[in-house]
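Report on the structure
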Amino acid sequence: MQDKQNVDDDLFIRELIEEAKKGLKEGGIPIGSILVRNNKIIGRGHNRRIQDDDPIAHAEIACLKNAGRIGSYEQTVLYSTLMPCYLCAGAIVQFGIKKIIVGESKNFQGAVEFLKSHGVIIMDLESEECISLMENFIKNNPELWNEDIGKK
């Protein structure tokens, strides 16, 4: 389900992509996430599975962890460069996040149907930059990618 794009989305998308690029520069998987409330970034994170040798250190989980205890998540929007997987979608549903904005779902469709079935509004930007970032990573690191999505 599409929703009107927020006026600050361009800034948030830039920050989101920079977060993904941080992960890539660290030798990790280029997936970034930010959490926004009242048009302010209150949490950010990137996939750190490789860097931390931690199978659940996905970008969205890191973002929520870095946001800390914020009480209700009802008025937040979670941004991710890639459609969330079932692990991250479970956290989104568990915390009651009602809207997510994703950079792309071409390279990985994730848990889109699960999220929709729980009433989460999904806005897929189909960002060429996000698509090419993941395409290049997957092409150059197929084993790491397959491990990340549980296909190894």
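In short, a report on the structure. In this text, all values refer to a predicted model and were calculated from it rather than measured experimentally. (Residues numbered from 1 in each chain as written. Predicted model: local features only at pLDDT ≥ 70, side-chain atom pairs only at ≥ 80, totals over all residues. Heavy atoms only, no water.)

**Brief notes about the packing of aromatic side chains**
For clarity, the threshold we go by: Pairing of aromatic side chains requires ring centres within 6.5 Å, counting the rings of Phe and Tyr and the six-membered ring of Trp. Pairs whose planes differ by under 30 degrees are stacked, by over 60 edge-to-face, and all others tilted. The secondary structure listing takes helices from DSSP runs of H or I that are at least 4 residues long and strands from runs of E that are at least 2 residues long, numbered from the N terminus. Buried means the residue's accessible area, taken with a 1.4 Å probe over protein chains only, is under 20% of the maximum for its type, while exposed means over 50%, and partly exposed covers the values in between.
Inspection of every chain in the model, using the stated rule, returns 4 aromatic pairs. When the centroid spacing of 5.5 Å and the interplanar angle of 65 degrees are considered together, the rings of Phe12 and Tyr79 count as edge-to-face. Here Tyr79 lies in strand E3 (residues 76-80) and Phe12 lies in helix H1 (residues 9-25), a separation of 67 residues in the sequence. Residue Phe12 is classed as buried on the basis of its relative accessible area, which comes to 2%.

**Regarding the layout of surface pockets**
Empty space among the atoms becomes visible once a probe the size of a water molecule is rolled across them. Put simply, the rule reads: In this analysis a 1.4 Å probe is tested at points of a 1 Å grid over the protein atoms alone, and where it fits but cannot get out there is a cavity; an open set with protein on both sides within 12 Å along at least five of seven lines is a pocket; lining residues have an atom within 4 Å of a point. Grid points are joined across faces, edges and corners, and a volume is the space filled by probe spheres set on the points. Under the grouping applied here, Gly and all other residues not named as nonpolar or charged are polar, the nonpolar ones being Ala, Val, Leu, Ile, Met, Phe, Trp, Tyr, Cys and Pro and the charged ones Asp, Glu, Lys and Arg.
Of the pockets and cavities examined, the largest pocket occupies roughly 190 Å³. If you list the elements that add at least two residues to the lining of the largest pocket, you get helix H3 (59-67) and helix H7 (142-148). With 3 residues, the single largest contributor to the lining of the largest pocket is H7. Tallied by class, residues from the lining of the largest pocket come to 11 nonpolar, 3 polar and 4 charged.

**Considering the sheet that holds strand E5 (residues 121-124)**
Operational definition: Strands pair, by our definition, only if DSSP identifies at least two bridges between them. Throughout, an axis means a line fitted to C-alpha atoms (over the contacting stretch in the case of helices), and angles, computed between N-to-C directions, take values from 0 to 180 degrees. Contacts are assigned to residue pairs that have any heavy atoms within 4.5 Å of one another.
A sheet is described by the order of its strands in space; here 5 strands give the open sequence E2-E1-E3-E4-E5, paired in mixed fashion. Among the strands making up the open sheet, the edge pair consists of strand E2 (40-46) and E5. Neighbour to neighbour, the strand axes of the sheet diverge by 20 degrees on average, direction disregarded. When strand E1 (residues 32-37) meets E3, the two strands line up antiparallel, connected through 5 bridges. Bridging from a neighbouring strand, Leu35 pairs with Leu78 of E3. Running over the sheet, H3 touches E1, E2 and E3 and is turned about 135 degrees from E2.

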